[in-house]
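Per-entry structural report
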Amino acid sequence: MRQRRSDLLSTLDGGFDLIVGNPPYLLDRGKRVYRHGGGGLGECLAKLSPTWPAIVLAPGGALLLYTGSAIVDGVHRFRAVVKPKLQEDRLEAIDVELDPDVFGEELLEPAYAEADRIAAVLVTARRP
């Protein structure tokens, strides 16, 4: 077994059985690294995370990604972008909403004026 640390998998060369990620998924006024995900509603880094697993996962390997998804007009912003990407990469994926309203206080921020809620989600993607 070997472990590697990487910034969004950019330095990995492939053949991994398990990749675990928890990218920041909020908009943070102070742009603190551990909170600020960028993008329209904090989803930018979380949306980038699933773009590399098809390259670096070994056959049978899995990605576990814990993140957040702003829901706007009933639509999971993260899910809408990520699921098609994982399907395009031929990864079998499921996502589960772990908490339907995490960080509810963030909805008081002007950046989240259009958001219904922020859900915590777990995405599991497996390479066949």
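Some words on the nonpolar core
Among the nonpolar cores identified, the biggest contains 17 residues, and Ile19, Leu63, Phe78, Leu86 and Leu91 are the most heavily contacted of them. For this core, the secondary-structure elements that each account for two or more residues are strand S1 (16–21), helix H2 (53–56), strand S2 (57–72), helix H3 (77–88) and strand S5 (117–126). Counting residues in each nonpolar core, the second largest holds eleven residues, with Leu26, Ala70, Val72 and Ala115 among its members.

What to know about the pattern of salt bridges
What the rule picks out here adds up to nine salt bridges. Among the salt bridges present, the one from Arg29 reaches Glu109, with a minimum N-O distance of 2.5 Å. Linking Arg29 in the loop between S1 and helix H1 (44–48) with Glu109 in the loop between strand S4 (92–99) and S5, this pair joins segments that are 80 residues apart in sequence. Note on Arg29: relative accessible area 71%, which makes it exposed. Arg117 is paired through a salt bridge with Glu97; the nearest N and O atoms lie 3.1 Å apart. Residue Arg117 is located in strand S5, and its partner Glu97 is located in strand S4; the two are separated by 20 residues in the primary sequence.

Quick word on the side chain of Glu106
Residue placement: Glu106 occurs in the loop between S4 and S5. Taking the relative accessible area as the measure of exposure, Glu106 reaches 8% and is therefore buried. Apart from residues lying up to four places away in sequence, Glu106 is in contact with Leu26, Leu27, Arg35, Tyr112 and Ile118.

So, H3
Helix length check: H3 (twelve residues) gives 18 Å between terminal C-alpha atoms against 16 Å at 1.5 Å per residue, within 8%. The set of residues buried in H3 consists of Phe78, Val82 and Leu86. The arc that holds the buried residues of H3, viewed along the axis, is 35°, so those residues lie on one side. Projecting away from the buried face of H3 at angles above 90 degrees are the exposed residues Gln87 and Glu88.

A few points about the packing of aromatic side chains
Any pair of aromatic rings gets described here by the distance separating the centres and the angle formed by the planes. Summed over all chains, the structure comprises two aromatic pairs. With centroids separated by 6.3 Å and ring planes inclined at 75°, the aromatic side chains of Tyr25 and Tyr66 adopt a geometry described as edge-to-face. Here Tyr25, found in the loop between S1 and H1, pairs with Tyr66, found in strand S2; they are 41 residues apart in sequence, far enough to count as distant. Relative accessible area serves as the criterion here: at 8%, Tyr25 is assigned to the buried category. Here Tyr66 falls in the partly exposed class, since its relative accessible area comes to 29%. Residue placement shows Arg35 over the ring face of Phe103; its charged tip is 6.0 Å from the ring centre.

Analysis parameters
Residues numbered from 1 in each chain as written. Predicted model: local features only at pLDDT ≥ 70, side-chain atom pairs only at ≥ 80, totals over all residues. Heavy atoms only, no water. Core = buried A, V, L, I, M, F, W, Y, C linked by side-chain atoms within 4.5 Å. Buried < 20%, exposed > 50% of the residue type's maximum accessible area, 1.4 Å probe, protein only. Helix = DSSP H or I, 4+ residues; strand = E, 2+ residues; numbered from the N terminus. Salt bridge = Lys/Arg side-chain N within 4 Å of Asp/Glu carboxyl O. Contact = heavy atoms within 4.5 Å. Expected span 1.5 Å × (residues − 1). Arc of directions from axis to C-beta. Phe/Tyr/Trp six-rings, centres within 6.5 Å; stacked < 30°, edge-to-face > 60°. Lys NZ or Arg CZ within 6 Å of the ring centre and 35° of its normal.

By themselves these figures say nothing about function.
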